[in-house]
Amino acid sequence: MKRLVLKTLAAALCFGAIGLAQAQTKTLKFVNQNAKGHPIVMGMEKFAEIVEAKSGGKLKVQVFPGGALGSDQANVSALQGGTLEMASMNSGIFASLVKDFAIYDFPFLFASPAEADTVVDGSFGRSMHAKLEEKGLVGLGYYELGFRHITNSKRPLTKVEDIAGLKLRVIPNPINVDWVSALGANPTPLPFPELYAALEQKAVDGQENPVATINGAKLYEVQKHLALTYHQYNPQSVVISKKVWDGLSADERKVVQDAVSESVKYQREQSRAMAGSLLDSLKKGGMQVTEFPAAEVAKLREKMKPVIAKHSASVGDATVSAMMAELARIRK
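Here the structure is a predicted model, which is why all the values come from computation and not from measurement.

Engineer: Help me get a handle on the environment of Tyr142, residues and values and all.
Structural biologist: Its location among the elements puts Tyr142 in strand E4 (residues 137-147). Owing to a relative accessible area of 3%, Tyr142 belongs among the buried residues under this scheme. With 109 residues separating them in the primary sequence, Tyr142 and Asp251 have C-alpha atoms 22 Å apart. Beyond its immediate sequence surroundings of up to four residues, Tyr142 is in contact with Ser91, Tyr104, Val120, Gly125, Met128, His129, Pro235, Gln236, Ser237, Val264 and Arg268. In this structure the side chain of Tyr142 is engaged in a polar contact, spanning 3.0 Å, whose partner is the side chain of Tyr104. In this structure the side chain of Tyr142 is engaged in a polar contact, spanning 2.8 Å, whose partner is the backbone oxygen of Gly125.

Laid out in structure tokens, this is it:
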């Protein structure tokens, strides 16, 4: 009887230890709208590897690509409520929470990815993310989506006037609606998970996204024409729920922040390495690719000026001035 009691006690202690270990393991759900294989998802997967290694398995990350847990807007609400831990999404989407973030969607803002890196990794980028904390989010770093281009199923685009009349899907925010309207096209705001079906069913004629997204979402299956316009560059904020962040220990926070910083470097490298090869792949797959001559690019920029002026007023003088001062410093 004594031996049986000891065995029972040992088993109970063993199961208790297992339960405690499981209780101490924390899992972070990390979401994005792009498909597996996209450079952003690759960055997220690298983050997951680093977190598990640095935490000794006490922190785990589940990556959910392809809009598996809903739209960006739904994800933002879940992050604020603490039912979702992390997300990476277009920084401009946060303009619905903090108007200053609309500046990241300004057309022709950045001249190169390197220029964008300097801005978002520096004091300007950090100050922008600091504005999210009162909205229940903590910004940890920036991935990149890359430069955006226009695709459509109707005709090749070789001049600005060719864009007029097209029904184009845009990210659901005011500046994207306005710049598409300024070109005489018809903007249609849609969450990204709904885009492929809308193109396939001809509910919209086209859309605008970087090459990696066009390829990853297989938009070449429902789009014939790709115009390389380089009209926008999208930083991607990597954010964590403030409720979740506040519940992490100092050591856990360091692991997460360090892992984001390491994965940012990796993600951008993958994004830039893939850009050229993916464009070749799209061409071989049957997409007809055009590029605007310099004179047409100048016309495109001219049409964007009223849009930039309008949204500069709504974003706020302080934020616009800080961005322009930083760009001027970099370009010296």
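On we go from here.
Engineer: Before we move on, could you go through the sheet that holds strand E2 (residues 59-64) and cite the residues and values that matter?
Structural biologist: Spatially, E2-E1-E3-E10-E4 is the arrangement adopted by the 5 strands of the open sheet, whose pairing is mixed. Looking at which strands have only one partner, the edges of the open sheet turn out to be E2 and E4. Neighbour-to-neighbour, the strand axes of the sheet open up by a mean angle of 20°, direction not taken into account. As paired elements, E4 and strand E10 (residues 233-241) share 9 bridges and run antiparallel to each other. By the bridge assignment, Tyr143 is partnered in E10 with Gln236. Of the strands in this sheet, strand E1 (26-31), strand E3 (86-90), E4 and E10 touch helix H3 (residues 72-81), which is tilted by about 140° from E3. Here helix H10 (residues 250-284) sits on the sheet in contact with E1, E2, E3, E4 and E10, set at roughly 5° to E4.

Quick notes on the rules
One numbering rule holds for all chains: residues counted from 1, following each sequence as written. Owing to the predicted nature of the model, reporting of local features is limited to residues with pLDDT of at least 70; listing and counting of side-chain atom pairs is limited to 80 or more, with chain, interface and lining totals taken over all residues. For side-chain calculations, the full set of non-hydrogen atoms in the structure is used, while hydrogens and water are omitted. Helical segments are the DSSP runs of H or I of at least four residues, strand segments are the runs of E of at least two, and each set is numbered from the N terminus. Remark: exposure states derive from per-residue accessible area (1.4 Å probe, protein chains only) relative to the maximum for the residue type, with buried under 20%, exposed over 50%, and partly exposed in between. Contacts were defined at the residue level, with two residues in contact if any of their heavy atoms lie within 4.5 Å. Polar contact is defined as a pair of N or O atoms within 3.5 Å, subject to the rule that within protein one atom must be able to donate a hydrogen and the other to accept it, and that residues adjacent in sequence are counted only when both atoms are side-chain atoms. The criterion for strand pairing is that DSSP finds at least two bridges linking the strands in question. Axis definition: a line fit to C-alpha positions, over the contact stretch in the case of helices; interaxial angles, taken between N-to-C directions, run 0 to 180 degrees.

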